[in-house]
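The residues making up each chain are set out below.
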Amino acid sequence: MAAKDELGRAGEQRAAAHLRALGFDVLDRNWRSPAGEVDVVARHGERIVFVEVKTRRSDGFGDPLEAVDARKRARLWQLANAWCAQHPDLARGRPRRLDVIGITGPDPATGRLEHLEDVPWV
Amino acid sequence: MGVSRTWAVALAGLEGTVVEVEADLTHQLPEFRIIGLPDKALGEATQRIRNASENSGLALPKRRLTVNLSPASLPKQGSGFDVAIAVAALATGGGMDRDSIATTAHIGELGLDGRIRPVPGVLPAVLAAARSGVRRVVVPWANRAEAELVGDVQVIGAVCLADVARLHGAQVEEDPAVEPVPAPEGRSSPPEAVDLSEVVGQEAAVEGLVVAAAGGHHLLMTGPPGAGKTMLARRLPGILPPLDDEAALVAASIRSLAGAAVTHLDRTPPFEAPHHTASVAALVGGGSRIVRPGAIARASEGVLFLDEAGEHHASTLDALRQPLETGSIVIHRAGFTASFPARFQLVLATNPCPCGNYAVRGAVCTCPPIAIRRYLGRLSGPLLDRIDIEVAMERVSVAQVDRTRSVMTSAQAREQVMEARQRAAARLRDTPWRRNSQVAGPWLRQGPLAPPPVVRRPLDAALQRGSLTLRGYDRVLRVAWSLADLAGEDRLTLDHVGRALYLKKGIPR
C-alpha cells in the first residue's frame, strides 16, 4: 500500500471516530462504485450524511479543504445518488447532506481536524 | 468570525464615492469572492490578496470569504481597492482591531510580494474620503505626498500589507529589507522661461491678451504665419495670477487621475496645447471602462490653446461648445457617468486661409475663394459666438522691430491682471462668481451695476442689426467690465463698451 493511501486510510479512521463521538451512526465506509468512492456514509438524526475526508501531512500544498472543489462536489452528488439507489431501505425519504472533514498533520491521529457541516453540493 | 468592514473610494471622473468594503466569513469550503460590480482588474484582486497575504506572513482564513462592495449597484474599477479588501478579509480571522479598521479608508494596489503599489487618482479619492467624514486614510507610500495635500485628514503612507496590518494591531514581524515601490516617473517639463517682453510690436494683440487674462475671456487670434500668434498664446499662463487653493487642488486632482506624479500643489495655471489631429475623445476625455480626463479637463483652471484651429476637425471644435458654456464635461458610458471640470480659458489661433496670406498687406493669397471659406468654416458660428475677444494680427514691419520703446514684461502684465481681478472680485463679492467671464447674463443686464441705456446703445444697435446674438451681447458686457477693471473704474462707460464690441467683432468676416 502506497504511503499516501496509508495516510488517507488513517485519516478516515480518525474521521469516523470523530463522527461517532458526535453521535453520528456510521453506515458505510469506502463505498466504491465505477464513478468513484465515498469515504464515509453516516446517519445523523433524520439525515443521511455523506462525508469526504481529506488528509494532508502539512498545508505546504494548500489547505486540505481547498482540494474539495466544485467538480469534486458534483461527483459526490452523483455518488450519493448512486449509494441511495443501492440502499433504498436506509435512504428512502431521508434528506441528504454533504460534510467535509480536513485533517492536517504528520500523524492523522493527532493532527488538526476541521469539520464543515452542510456543504453545498454545487 | 463575523463581518468586518472598512472603507475605500470609487472614482467616476473627479467625483469620488466612499465605498464600504465588508467581508464576511462563513463556515464553508474555502473560497474568496468579491461582489458589488467589480471590473476585471478588481475581480482579480482575490489572487493578488491571497499571495500578498501569504508573503506578508498573514494568513487569510481558510473558509468562505465573501467581500461586498457597497453601494453594490455602483460599478467599481481598478486595483485601488486591493488594500481595503485585504484588510477587511484578514480582519475576519481576528487579530486586528475592528474599530481601527472601520474608521480608516484604504487605497492602493497590492503586489504579489505584499508591497503596496501606487495608483492614479489618490488625490481626488482622499478628498472624497475626507469630505464624507473619514479621518484616517492609508495610501501607498509613493502617493503619500499627494494625499497630504488634503488637509484635515490623517495620511499614512504604507510600504507593504504587513505595515497596514501592524497599524491595526496585528502581530506581524517587521521586515526592514522591504523597499517601497517608487512613484511612476512623471512628465516633468520645467516651466518654459518665456516673457511677454520678447514679443515685438503687436500692441493691440498684447492688450487683447491682457484683457483676456484679466477676465478669463476666450480669445481668437488670426494672422499670417510668423505674426507671433503661438508666441503670444504661450505667454498667457505667465500673466495669469497663481491658482488659489481650491483651483490648484482641482488641477492637481486631474493630473493625478491622468497618471502623473503629484508631489506638491502647483499653482501655475495648466496650459494644454493638443495637436490639431486630436480626436474628440482626446479632447473631451473618454475610455470604455475607466474614463480618462481629456485635454479640456487637464486645462481646467488654466488655458486650452488650439493652434492652427482651422486644421482641427470641425467635430472636435464643436465638442468644445457645451463645456464652454457649462464649465464642466459629463461623459456618459454604459452604466455610469463621469464628470470633469472644464473651466478652461480657450485660446484659438488660426491663419486667415490655407496659404496664410489672405488679407495680408503686401502679400498675395494663392488660395481659391472656396478654400478660404472652407478653412475658416471649420470654426463654426456657434463656436465663434462663444469667443469673447477676436484679435487680427499683422506681420510685424521692419519699422516696428527697429523701434526701441518700452514693452510690457510678463511681471508688469501679471500685476495689471491681478489688480483687475481683485477689483472684479470686490465688485462680485456678494455673488457666486469671481471672474468677469463667469458672471451670468441677467446680472449683467439687470443687476445692480447694469449699465444705463446710453452706455448700452452700441450694443442694442448691434443686436437689432443682427450682427450680435444675445449671448454675444452678454459676452461683450463681460469684456467691457474687464476693460473697466483694468482701467481702474467702477462703472461701465461708453468707451469700455465700444472697445469691447471692437474686440468682439475685431475680425471682419
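Residues numbered from 1 in each chain as written. Chains lettered and ligands numbered in written order. Predicted model: local features only at pLDDT ≥ 70, side-chain atom pairs only at ≥ 80, totals over all residues.

With respect to the overall build of chain B
Here comes step 1: Each helix and strand counted, chain B has 23 helices and 18 strands in total.
Here comes step 2: Structurally, chain B occupies a C-alpha span of about 85 × 50 × 45 Å along its principal axes.
Here comes step 3: Within chain B, buried positions represent 48% of all 509 residues.
Here comes step 4: Long-range pairs, those at least 24 residues apart, make up 74% of the contacts in chain B with a sequence separation of at least 6. (Helix = DSSP H or I, 4+ residues; strand = E, 2+ residues; numbered from the N terminus. Buried ≥ 20, exposed ≤ 12 C-beta atoms within 10 Å, placed from the backbone. Contact = placed C-beta atoms within 7 Å.)

Structural notes on the domain arrangement of chain B
All names here are of chain B.
Here comes step 1: The domains assigned to chain B are domain 1 (2-167) and domain 2 (218-387).
Here comes step 2: Relative to domain 2, the C-alpha centre of domain 1 lies at a distance of 38 Å.
Here comes step 3: In this complex, domain 1 contributes 17 residues to the contact, which on the side of domain 2 involves 20 residues. (Domains from an automatic or database assignment.)

Some thoughts on the pairing of strand β14 (residues 303-306) of chain B
Residue and element names in this part refer to chain B.
Here comes step 1: In β14, alternate side chains face the same way, and those of Val-303 and Phe-305 on one face and Leu-304 and Leu-306 on the other are all buried.
Here comes step 2: Here two bridges tie strand β11 (residues 271-272) to β14, and the two strands are oriented parallel to one another. If you follow Phe-271 over to β14, its bridge partner there is Val-303.
Here comes step 3: Bridge analysis of β14 against strand β17 (residues 345-350) gives four bridges, and the strand direction is parallel. Bridge pairing links Leu-306 to Leu-348 in β17. (Pairing = 2+ DSSP bridges.)

Side note on unusual backbone geometry
All names here are of chain B.
Here comes step 1: In this structure, the amide linkage connecting Ser-70 to the following residue, Pro-71, adopts the cis form with an omega of 5 degrees.
Here comes step 2: Assignment of secondary structure puts Pro-71 in the loop between β4 (64-70) and α3 (82-91).
Here comes step 3: For Gln-202, which is not glycine, the phi torsion reads 55 degrees and is therefore positive.
Here comes step 4: With respect to the helices and strands, the residue Gln-202 is situated in the loop between α7 (161-167) and α8 (203-215).

Some points on the interface of chain B and chain A
Here comes step 1: Across the boundary between the two partners, chain B contributes five residues, which contact seven residues of chain A.
Here comes step 2: Classifying every residue of the side of chain B that touches chain A gives two nonpolar, two polar and one charged. (Nonpolar A, V, L, I, M, F, W, Y, C, P; charged D, E, K, R; others polar.)

Regarding the nonpolar core
All names here are of chain B.
Here comes step 1: Counting 144 residues, the largest nonpolar core has Val-21, Ile-85, Ile-107, Val-126 and Ile-296 as the members making the most contacts within it.
Here comes step 2: Sort the elements by how many residues they give to this core and α3 lands first, with nine residues.
Here comes step 3: When we break this core down by domain, the ones giving at least three residues each are domain 1 (2-167) and domain 2 (218-387).
Here comes step 4: Once residues within four sequence positions are removed from consideration, Ile-107 is found in contact with Ala-8, Val-9, Gly-80, Val-83, Val-119, Val-122, Ala-125, Val-137, Val-138 and Val-139. (Core = buried A, V, L, I, M, F, W, Y, C linked by C-beta atoms within 7 Å.)

A word on the packing of helix α19 (residues 410-427) of chain B against helix α22 (residues 470-487) of chain B
Residues and elements named next belong to chain B.
Here comes step 1: Interaxial distance between α19 and α22 falls to 8 Å at its minimum, and their mutual angle equals 115 degrees. When the axes of α19 and α22 are compared, the pair comes out roughly perpendicular. The element α19 and its partner α22 pack so that their crossing is right-handed. Here α19 contributes Gln-416, Ala-420, Arg-423 and Ala-424 to the contact with α22, which in turn contributes Trp-481, Ser-482, Asp-485 and Leu-486.
Here comes step 2: Here the residues of the contact of α19 with α22 are counted per class, giving four nonpolar, two polar and two charged. (Axes fitted to C-alpha atoms, helices over the stretch in contact; angles between N-to-C directions. Parallel < 35°, antiparallel > 145°, perpendicular 65-115°, else oblique. Left-handed = near helix turned anticlockwise from the far one by under 90°.)

A few points about the environment of B:Ala319
Residue and element names in this part refer to chain B.
Here comes step 1: Looking at where Ala-319 falls in the secondary structure, it is placed in the loop between α14 (314-318) and α15 (321-326).
Here comes step 2: As for Ala-319 and Leu-501, which are separated by 182 residues in sequence, their C-alpha atoms are 26 Å apart.
Here comes step 3: In contact with Ala-319, other than residues within four places in its own chain, are Val-280, Leu-283 and Val-284.

Focus on the confidence of the model for chain B
Here comes step 1: For chain B, the mean per-residue pLDDT works out to 89, and 96% of the residues sit at or above 70.
Here comes step 2: Here helix α18 (residues 398-402) of chain B stands out as the least confident element of chain B, with mean pLDDT 66; strand β5 (residues 104-106) of chain B is the most confident, with 97. (pLDDT = per-residue confidence, 0-100.)

Notes on the packing of helix α21 (residues 453-465) of chain B against helix α23 (residues 494-504) of chain B
All names here are of chain B.
Here comes step 1: Their axes nearest at 7 Å, the elements α21 and α23 cross at an angle of 25 degrees. In terms of orientation, α21 and α23 fall into the roughly parallel class. Crossing angle aside, the handedness with which α21 passes α23 is right-handed. Where α21 abuts α23, its residues Val-454, Val-455, Arg-456, Pro-458, Leu-459 and Ala-462 lie against Leu-494, Val-497, Gly-498 and Leu-501.
Here comes step 2: Residues that form the contact of α21 with α23 fall into these classes: eight nonpolar, one polar and one charged.

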